[in-house]
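Chain and residue survey
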Amino acid sequence: MRHVKLILREEVPSLGAAGDLVRVKPGFARNYLIPHGKAILATESNVRQFAHHKRVVADKVAKELVDLKSVRKQLESLALEFRARVGEEGKLFGSVTAQHIADLLGERGFPIDRRKVVLAEPIREVGEHRVAVRLHPEMIAELVVQVSAEE
């Protein structure tokens with residue numbers, strides 16, 4: 001049975017990742033992958049063009065990582081402090097959430113999306129907490145968040 005060579009434009013589960021050269025049955029290519037924009041035919045010019053595009057993206061990501069290293073250093077040297085009403089045993093009446101941390105970072109000149117602040121659960125106790133901020137899939141910064149009682 002004849003197969004068709006394709007270049008995947010995005011990840012397709014159980015087939016491959018974006019940029020992979022794959023061989024599939026003609027019906028799968030004709031009826032699903034190509035019409036949905038998930039793949040293109042692997043002609044010689046398309047392969048060259050896609051290889052060039054991958055190099056450009058890799059260079060861009062490398063430059064981005066270099067820039068993010070300085071941002072990570074600045075973030076890790078930063079100590080965020082929150083004051084909150086506290087009940088008995090050092091428990092907060094509310095909590096410090098990822099949104100609170102992202103807002104305070106924004107005020108300090110680091111516009112970070114709240115979804116990039118990694119908290120397993122909101123902070124509900126007084127003390128020093130380490131919080132991860134995902135700057136890039138390959139780079140994470142660790143912040144110190146100090147929660148203290150309101151006077």
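Residues numbered from 1 in each chain as written. Predicted model: local features only at pLDDT ≥ 70, side-chain atom pairs only at ≥ 80, totals over all residues. Heavy atoms only, no water.

**Details of the pattern of salt bridges**
Tallied over the full model, the rule gives 6 salt bridges. Across the pair Glu 10 and Lys 38 runs a salt bridge, and its minimum N-O distance is 2.9 Å. One end of the pair, Glu 10, is in the loop between β1 (4-8) and β2 (21-24); the other, Lys 38, is in the loop between α1 (26-33) and β3 (39-41), and 28 residues separate them in sequence. Two residues, Asp 113 and Arg 115, come together in a salt bridge whose shortest N-O distance is 2.8 Å. (Salt bridge = Lys/Arg side-chain N within 4 Å of Asp/Glu carboxyl O. Helix = DSSP H or I, 4+ residues; strand = E, 2+ residues; numbered from the N terminus.)

**Regarding the packing of aromatic side chains**
For any pair of aromatic rings, the description rests on two quantities: the centre-to-centre distance and the angle between the ring planes. Inspection of the entire model under this criterion finds 1 aromatic pair. Taking the centre distance of 5.6 Å and the plane angle of 10° together, the rings of Phe 28 and Tyr 32 count as stacked. Pair noted here: Phe 28 and Tyr 32 are both in helix α1, with a separation of 4 residues, about one helical turn. Overall, Phe 28 belongs to the partly exposed group, its relative accessible area being 34%. (Phe/Tyr/Trp six-rings, centres within 6.5 Å; stacked < 30°, edge-to-face > 60°. Buried < 20%, exposed > 50% of the residue type's maximum accessible area, 1.4 Å probe, protein only.)

**Observations regarding the environment of His 3**
Locating His 3 in the fold gives a position in the segment before β1. When the C-alpha positions of His 3 and Val 47 are compared, they lie 17 Å apart, and in sequence the two are 44 residues distant.

**Here we look at helix α3 (residues 98-107)**
Taken as a whole, α3 has its buried residues at Ala 98, Ile 101, Ala 102, Leu 104 and Leu 105. Each buried residue of α3 sits inside an arc of 165° when the element is viewed along its axis, so together they form one side. Check the buried side of α3 and you find it contacts α2 (44-77), β4 (79-84), β5 (91-96), β6 (117-118), β8 (127-136) and β9 (139-149). Positive backbone phi, approximately 95°, marks Gly 109, located one or two places after α3. (Arc of directions from axis to C-beta. Contact = heavy atoms within 4.5 Å.)

**Remarks on the side chain of His 136**
Within the fold, His 136 resides in strand β8. For His 136, a relative accessible area of 10% corresponds to the buried category. If we ignore the near neighbours within four places in the chain, the residues touching His 136 are Val 61, Glu 64, Leu 65 and Leu 68.

**Re the sheet that holds β6**
Read from one edge of the open sheet, 4 strands run β4-β9-β8-β6, paired in mixed fashion. Each edge of the sheet is formed by a strand with only one pairing partner; in this case those strands are β4 and β6. As judged from the 9 bridges shared by β8 and β9, these two strands associate in the antiparallel manner. Directly across from Val 131, in β9, lies its bridge partner Leu 143. The strands touched by α2 are β4, β8 and β9; relative to β9, the strand with the most contacts, the crossing angle is about 20°. (Pairing = 2+ DSSP bridges. Axes fitted to C-alpha atoms, helices over the stretch in contact; angles between N-to-C directions.)

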